[in-house]
Amino acid sequence: IATIGDAAKLEGIKIAQSIRDGIRQENIAVLTDIGETSLKSQLRSADKNKAKIVIMIGEDELRQGKVTIKYMSGKEPQVMVPVDSIMVEVRKALC
């Protein structure tokens, strides 16, 4: 989960825990950066960790109650989804 800004960072932590709770039995890692790193740095880290997707949260997403999902393969366009639909997208991306 990549975040921009303090409010997004807090939301990212909540979303990470929600995803962890939802996929606990599926042996999938959810990583989030709580430091002060740039979005570009967070995406590089995700790539280095072989992430299939990155959930991005910034001011626009917070305002809209959505997240942006970036598929790291580059084969799929990134999409904005409502926060309550994250698990559907995560499962779809990982299957």
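Here the structure is a predicted model, which means the values were calculated and not measured. (Residues numbered from 1 in each chain as written. Predicted model: local features only at pLDDT ≥ 70, side-chain atom pairs only at ≥ 80, totals over all residues. Heavy atoms only, no water.)

**Q** Whenever I open this one, the pattern of salt bridges confuses me. Can you help?
**A** Side-chain pairs of opposite charge can arise whenever the charged atoms involved come near each other. Within this structure, the stated rule accounts for two salt bridges. Arg63 is paired through a salt bridge with Asp60; the nearest N and O atoms lie 2.4 Å apart. Of the two residues, Arg63 and Asp60 both sit in helix α3 (residues 59-64), three residues apart, roughly one turn of that helix. Given the relative accessible area of 43%, Asp60 is considered partly exposed. With a closest N to O distance of 3.4 Å, Glu89 and Lys92 form a salt bridge. With a gap of three residues between them, Glu89 and Lys92 both fall in helix α4 (residues 86-94), about one helical turn apart. Overall, Lys92 belongs to the exposed group, its relative accessible area being 53%. (Salt bridge = Lys/Arg side-chain N within 4 Å of Asp/Glu carboxyl O. Helix = DSSP H or I, 4+ residues; strand = E, 2+ residues; numbered from the N terminus. Buried < 20%, exposed > 50% of the residue type's maximum accessible area, 1.4 Å probe, protein only.)

**Q** Just to check I follow, could you spell out the packing of helix α1 (residues 6-23) against α4 for this structure?
**A** Helix-helix packing is described using two parameters, namely the angle between the two axes and the distance between the axes. Relative orientation of the contacting elements α1 and α4 amounts to 60°, with a least axis distance of 11 Å. Regarding the angle of α1 to α4, the classification is oblique. As for how α1 packs across α4, the hand of that crossing is right-handed. For the pair α1 and α4, the contacting residues are Ile15, Ile19, Gly22 and Ile23 in the first and Ile86, Met87, Val90 and Arg91 in the second. Its residues assigned to classes, the contact of α1 with α4 shows six nonpolar, one polar and one charged. (Axes fitted to C-alpha atoms, helices over the stretch in contact; angles between N-to-C directions. Parallel < 35°, antiparallel > 145°, perpendicular 65-115°, else oblique. Left-handed = near helix turned anticlockwise from the far one by under 90°. Contact = heavy atoms within 4.5 Å. Nonpolar A, V, L, I, M, F, W, Y, C, P; charged D, E, K, R; others polar.)

**Q** Would you mind going over the sheet that holds strand β4 (residues 79-82) with me for this structure?
**A** Two strands in a sheet stick together by hydrogen bonds in their backbones, pointing the same way (parallel) or opposite ways (antiparallel). As summarised here, the arrangement of the four strands in space is β1-β2-β3-β4, forming an open sheet in which the pairing is mixed. Edge positions in the open sheet fall to β1 (2-3) and β4, since each of these has one partner strand only. Along the sheet, α1 contacts β1, β2 (53-57) and β3 (66-71); its crossing angle with β2, the most-contacted strand, is approximately 140°. With respect to the sheet, α4 is in contact with β2, β3 and β4, its orientation differing from that of β3 by roughly 5°. (Pairing = 2+ DSSP bridges.)

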